[in-house]
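# Observations on chain architecture
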Amino acid sequence: VGNNNTIDNSNNSTANDLTNGGGNLIMGNNNIIDNSGETMNNVNVVIGTTNQVGAGEQNLILGTSNQNFGSHNILFGSNNTNGLYQTTFDKEIGKDFSGNYSFIYGNNNKVFVPKNKTLEGVFIAGNNNTLDVSGSSYVTSNNRGYVLLGSYAGISGENPTSPHTS
């Protein structure tokens, strides 16, 4: 519903199977859901303007200019990024930077994930917060959670086992 919205489920063997949830809902303008070539159940809801979902299922995205790679995420607000920020949306590049089971609420919040790793359990509420573990070698599924509240909070991906000197 709306104008210039795109859903690409080409070569996705489970996309149209109603027993798996069966579909996506887009309302607004210039939104993209790209699950082409992936095997996933979809069931994404995107409402707003210029939101982008790549390689993800069971996401709820509301607002403007949010970008999400991964599944089971909720993004509310504007200019929030989960996974990898791209000036030109490309699902094939972004799918290697997956953030799952995250809740991001506010504006200009960024979550950057290392390539070929999956980050899970992020909770951000506020504005201009950054979780950057993109250079981290210790990020693995199911062993970490991150919470950022307020404005201009940040967590970097430094290795906690490295010696810290001042």
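Residues numbered from 1 in each chain as written. Predicted model: local features only at pLDDT ≥ 70, side-chain atom pairs only at ≥ 80, totals over all residues. Heavy atoms only, no water.

## Thoughts on the pattern of salt bridges
One pass over the full model with this rule turns up 4 salt bridges. For Glu38, the salt bridge goes to Lys95, with nearest N and O atoms at 3.3 Å. Here Glu38, found in the loop between β4 (32–34) and β5 (45–49), pairs with Lys95, found in the loop between α1 (91–94) and β11 (97–100); they are 57 residues apart in sequence, far enough to count as distant. In this structure Glu38 comes out as buried when scored by relative accessible area, which is 14%. In this structure, the salt-bridge partner of Glu92 is Lys91, at a minimum N-O distance of 2.5 Å. When salt bridges with common partners are traced through the structure, they connect Glu38, Lys91, Glu92 and Lys95 into a single cluster. (Salt bridge = Lys/Arg side-chain N within 4 Å of Asp/Glu carboxyl O. Helix = DSSP H or I, 4+ residues; strand = E, 2+ residues; numbered from the N terminus. Buried < 20%, exposed > 50% of the residue type's maximum accessible area, 1.4 Å probe, protein only.)

## With respect to the environment of Phe89
With respect to the helices, strands and loops of the structure, Phe89 is situated in the loop between β10 (81–83) and α1. As for Phe89 and Gln67, which are separated by 22 residues in sequence, their C-alpha atoms are 8.4 Å apart. In this structure Phe89 touches Ile32, Asp34, Gln52, Val53, Gly54, Gln67 and Phe69, once residues within four positions along its chain are discounted. (Contact = heavy atoms within 4.5 Å.)

## Remarks on the environment of Ile33
As for its position among the elements, Ile33 is in strand β4. Here the alpha-carbon distance between Ile33 and Gln52, two residues 19 residues apart in the chain, equals 6.0 Å. Apart from the residues within four sequence positions on either side, Ile33 is in contact with Thr6, Ile7, Asp8, Asn24, Ile26, Asn44, Val46 and Val53.

## Comments concerning the sheet that holds β10
Spatially, the 8 strands line up as an open sheet ordered β2-β4-β6-β8-β10-β13-β16-β18, and their pairing is parallel. One side of each edge strand has no neighbouring strand; the edge strands of this open sheet are β2 (6–8) and β18 (154–156). Shown here is a sheet whose adjacent strand axes are inclined to one another by a mean of 10 degrees, direction ignored. (Pairing = 2+ DSSP bridges. Axes fitted to C-alpha atoms, helices over the stretch in contact; angles between N-to-C directions.)

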